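# Summary of the model geometry
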Amino acid sequence: MVRCWWLAGLLVACAAAEPRSRQQLRHLQDSAGIAARLPPRLEGRWVSTGCEVRPGPEFLTRSYLFYTNRLFKALQFYYWDPSCRDPSYSLVIKGKLRLRQASWITRGATEADYHLHKVGIVFHSQKAMREVASWINQTSGEGCRGFLPPGRSWAPGALYEVLSAKTERDCTAALGFAMHELSLVRVERHFQPLLQPKQSGSRLVEELYLGDIHTDWGERLHYRPTGYQRPMQSALHHVHPCPACGIISRADEHHPPILPARAALPMQLSGSWVSTHCEVRPAVLFLTRYFTFHGNNHTWEGHYYHYSDPLCRQPTFTIYASGHYTQGIPSSKVRGGTELAFKVTQARVTPMDQLSVVMLNSSAAGSCGLAGSWSAGVEQDITPTNGCLALGIKLPHTEYELFKTEQDTQERSLLYIGERPTDGSSPDSPDKRPTSYQAPLVQCAAASEEFSNYISLKYVGRKDANGMEALKPLPVAFLLFIALLFLRWD
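Residues numbered from 1 in each chain as written. Predicted model: local features only at pLDDT ≥ 70, side-chain atom pairs only at ≥ 80, totals over all residues. Heavy atoms only, no water.

Before going further, it helps to examine the nonpolar core. The tendency in soluble globular proteins is for nonpolar side chains to be buried side by side. Of all hydrophobic cores here, the largest spans 39 residues; its most connected members are Phe-66, Leu-91, Ile-93, Ile-121, Phe-123 and Leu-208. Mapped by element, the contributors of at least two residues to this core are strand E4 (58–66), strand E5 (71–79), strand E6 (87–102), strand E7 (110–123), helix H3 (126–139), strand E8 (159–164), strand E10 (184–193) and strand E11 (202–210). Excluding residues that lie within four positions of it along the chain, Phe-66 makes contacts with Leu-42, Glu-43, Gly-44, Trp-46, Leu-71, Phe-72, Leu-97, Leu-182 and Leu-208. Among the nonpolar cores identified, the runner-up in size contains 34 residues, and Leu-184, Val-280, Tyr-290 and Tyr-307 belong to it. (Core = buried A, V, L, I, M, F, W, Y, C linked by side-chain atoms within 4.5 Å. Buried < 20%, exposed > 50% of the residue type's maximum accessible area, 1.4 Å probe, protein only. Helix = DSSP H or I, 4+ residues; strand = E, 2+ residues; numbered from the N terminus. Contact = heavy atoms within 4.5 Å.)

Have a look at this one:
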């Protein structure tokens, strides 16, 4: 693997010349030294790095152990609360996994087949036992009715079997349970610089990406993923610090992990927020995001950079959108979340490759900018045509959103925006409001700053709609000087 961890240090050293948002986007474009092996090696334990939120909502943590003989044991710990401190029940899932070929749909992923041998459930309270038993008794088939007789007393530590391949009994549907996430797999490896005083070098970090969970509860039992969930990390090779990693790796079905208490943060959107890595959406969309929120007048700007590859190196098109948003109110459905409504009033599109140019130029007249006038690297305003039909953009429109802010272990502010519907639709009505979140954005400026042109080493020489150069690279001599300083320390 190419050792390019020092690039992060180089970018930090350039802080005086570039805002942090631009540094982060440059860092993402250089892929931060990420390597992904095909087929991936799964052997070992993988754990959540914090409390996860699935559509529903469901709050959970995960600990998956893969053996060299293809067998696996997966633990899923479910909670009543969004901090994962009040456990409800745990699932013990045992089965076998067989990796197949590289995915033809999701670039960089490996397809897999799995077979479940058994699934057991351990309740952590009388309330959890009564609630789950009611679900199963009311909604499952003949073989599951009477799973637990009404009034049955909770027995701490007791394991109840809800699926058995041997007896062909499956009572998991009432839980919304499926392991289709195992049908799409990707493992990424990169090196995290050692930032402690008097330390140099880096440590290996391994991340396991498994298939996404459908946002519609009714579809999740049949859905075959094309995107990913929040990644798990290797119990041996994870980011530092990660208090949750050790707690989760030591837990078992009888002793669920209780994550450290975290202070609730007020919703402070003002400022700029940027993706922490190349993101993957269902229907095979690779992108990075950059948002600026202006709290004084409740307006916002969003930049969406789309790519054709899982490392976000090959740009296809960019979208700029803007509008205004409402005052947030606490969510009554998703504890810890804030509900807002976003009005999108303006948008611009820039095709970055020839395929995108051809697609946009094939649009019907009046449906996406000026017909037949699209060219690579030149931005067009699609507001006069009320959006762009080819890209599924309609203007103006309102989206009903779910937001959450928190701090990570490095005391960086993170912004979670509601997960987009898996079917590609828009959350354009209150009943479509998300109940889970996308990958977090990191705050790169506490106060709003102008970011009218996307700055990227990949886009040198690109021009905007006025023919002006969109990028002025840093002086080469300055970059070489900083690079030599870091090489001396290597």
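Let us keep going from here.
Its place among the elements puts Glu-207 in strand E11. No salt bridge is formed by the buried Glu-207, whose closest oppositely charged neighbour, Arg-186, lies at an N-O distance of 8.5 Å. Side chain to side chain, Glu-207 and Tyr-209 meet in a polar contact 3.3 Å long. Within the structure, the side chain of Glu-207 is placed 3.1 Å from the side chain of Gln-233, a separation counted as a polar contact. (Lys, Arg positive; Asp, Glu negative; His and termini not counted. Salt bridge = Lys/Arg side-chain N within 4 Å of Asp/Glu carboxyl O. Polar contact = N/O pair within 3.5 Å; in protein donor to acceptor, adjacent residues only side chain to side chain.)

The next thing to look at is the state of the cysteines. Going through the model one piece at a time under the given rule, you end up with five disulfides. Residue pairing for Cys-144: its cysteine sulfur links by disulfide to Cys-171, the two sulfurs lying 2.0 Å apart. Its torsion about the S-S bond being -95°, the disulfide of Cys-144 and Cys-171 is classed as left-handed. On the criterion of sequence distance, the pair formed by Cys-144 in the loop between H3 and E8 and Cys-171 in the loop between strand E9 (169–170) and E10 is long-range, its members being 27 residues apart. The burial state of Cys-144 is the same as that of Cys-171; both residues are buried. Put simply, Cys-278 and Cys-312 are joined by a disulfide, and their sulfur atoms are 2.0 Å apart. With the S-S bond torsion at 70°, the cross-link from Cys-278 to Cys-312 turns out right-handed. Placement of Cys-278 in the loop between strand E13 (271–275) and strand E14 (279–281) and of Cys-312 in the loop between strand E16 (299–307) and strand E17 (315–325) is noted, with a sequence separation of 34 residues between them. In this structure Cys-312 comes out as buried when scored by relative accessible area, which is 1%. When the cysteines engaged in disulfides are numbered in sequence order, the chain pairs them as 1-2, 3-4, 5-6, 7-8, 9-10. (Disulfide = S-S within 2.5 Å.)

Tallied over the entire structure, the rule returns 18 salt bridges. The partner of Arg-100 in a salt bridge is Glu-111, with the nearest N and O atoms 4.0 Å apart. With Arg-100 in strand E6 and Glu-111 in strand E7, the pair connects residues that are 11 residues apart, well separated along the chain. Classification of Arg-100 as partly exposed rests on a relative accessible area of 37%. Between Glu-379 and Arg-348 there is a salt bridge whose closest N-O contact spans 2.8 Å. Here the residue Glu-379 occupies a position in the loop between helix H5 (354–361) and strand E20 (380–381), and Arg-348 occupies one in strand E19 (residues 338–351), the gap between them amounting to 31 residues.

A separate point is the pairing of strand E15 (residues 285–294). For E15, the buried fraction is high: nine of the 10 residues fall into the buried class. Where E13 lies against E15, four bridges are found, and the strand directions are antiparallel. Bridge assignment links Gly-271 to a residue of E15, and that residue is Phe-293. Of the pairings in the sheet, the one linking E14 to E15 comprises three bridges and is antiparallel in character. Residue Glu-279 lies in a different strand from E15, and its bridge partner there is Leu-287. Pairing analysis gives nine bridges linking E15 to E16, with the strands arranged antiparallel. By the bridge assignment, Tyr-290 is partnered in E16 with His-303. In this structure, the hairpin formed by E15 and E16 is closed by a connection of four residues, where His-298 is found at a positive phi of approximately 55°. (Pairing = 2+ DSSP bridges.)

Put simply, Gly-56 and Pro-57 share a cis peptide bond, and its omega is 5°. Within the secondary structure, Pro-57 sits in the loop between strand E3 (52–54) and E4. For the bond running from His-240 to Pro-241, omega is -5°, close enough to zero to count as cis. Among the secondary structure elements, Pro-241 is positioned in the loop between strand E12 (232–234) and helix H4 (243–249). Unlike most non-glycine residues, Cys-84 shows phi in positive territory, near 55°. Assignment of secondary structure puts Cys-84 in the loop between E5 and E6. Even without glycine at this site, Asn-386 takes up a positive phi of about 55°.

Let us look at H5. Within the span of H5, buried status applies to Ser-356, Val-357 and Leu-360. Buried residues of H5 fall within an arc of 105° about the axis and therefore sit on the same side. More than 90 degrees from the buried face of H5, the exposed residues found are Gln-354 and Leu-355. Check the buried side of H5 and you find it contacts E17, E19 and strand E21 (387–388). (Arc of directions from axis to C-beta.)

Leftover empty space is mapped by rolling, across the atoms, a probe with the size of a water molecule. Counted as a void, the second largest pocket has a volume near 960 Å³. If you trace the second largest pocket, you find 35 residues lining it, with Arg-281, Tyr-304, Gly-392, Glu-399 and Arg-420 closest to the centre. For the lining of the second largest pocket, the secondary structure elements donating two or more residues are E15, E16, E17, E19, strand E22 (393–394) and strand E23 (397–407). With five residues, E15 is the largest single contributor of residues to the lining of the second largest pocket. Looking at the lining of the second largest pocket residue by residue, the classes come out as 20 nonpolar, eight polar and seven charged. (1 Å grid on protein atoms, 1.4 Å probe; cavity = no way out; pocket = protein on both sides within 12 Å on 5 of 7 lines; lining within 4 Å. Points joined across faces, edges and corners; volume = space filled by probe spheres on them. Nonpolar A, V, L, I, M, F, W, Y, C, P; charged D, E, K, R; others polar.)

Note that all results are geometric; they support no functional claim without further evidence.
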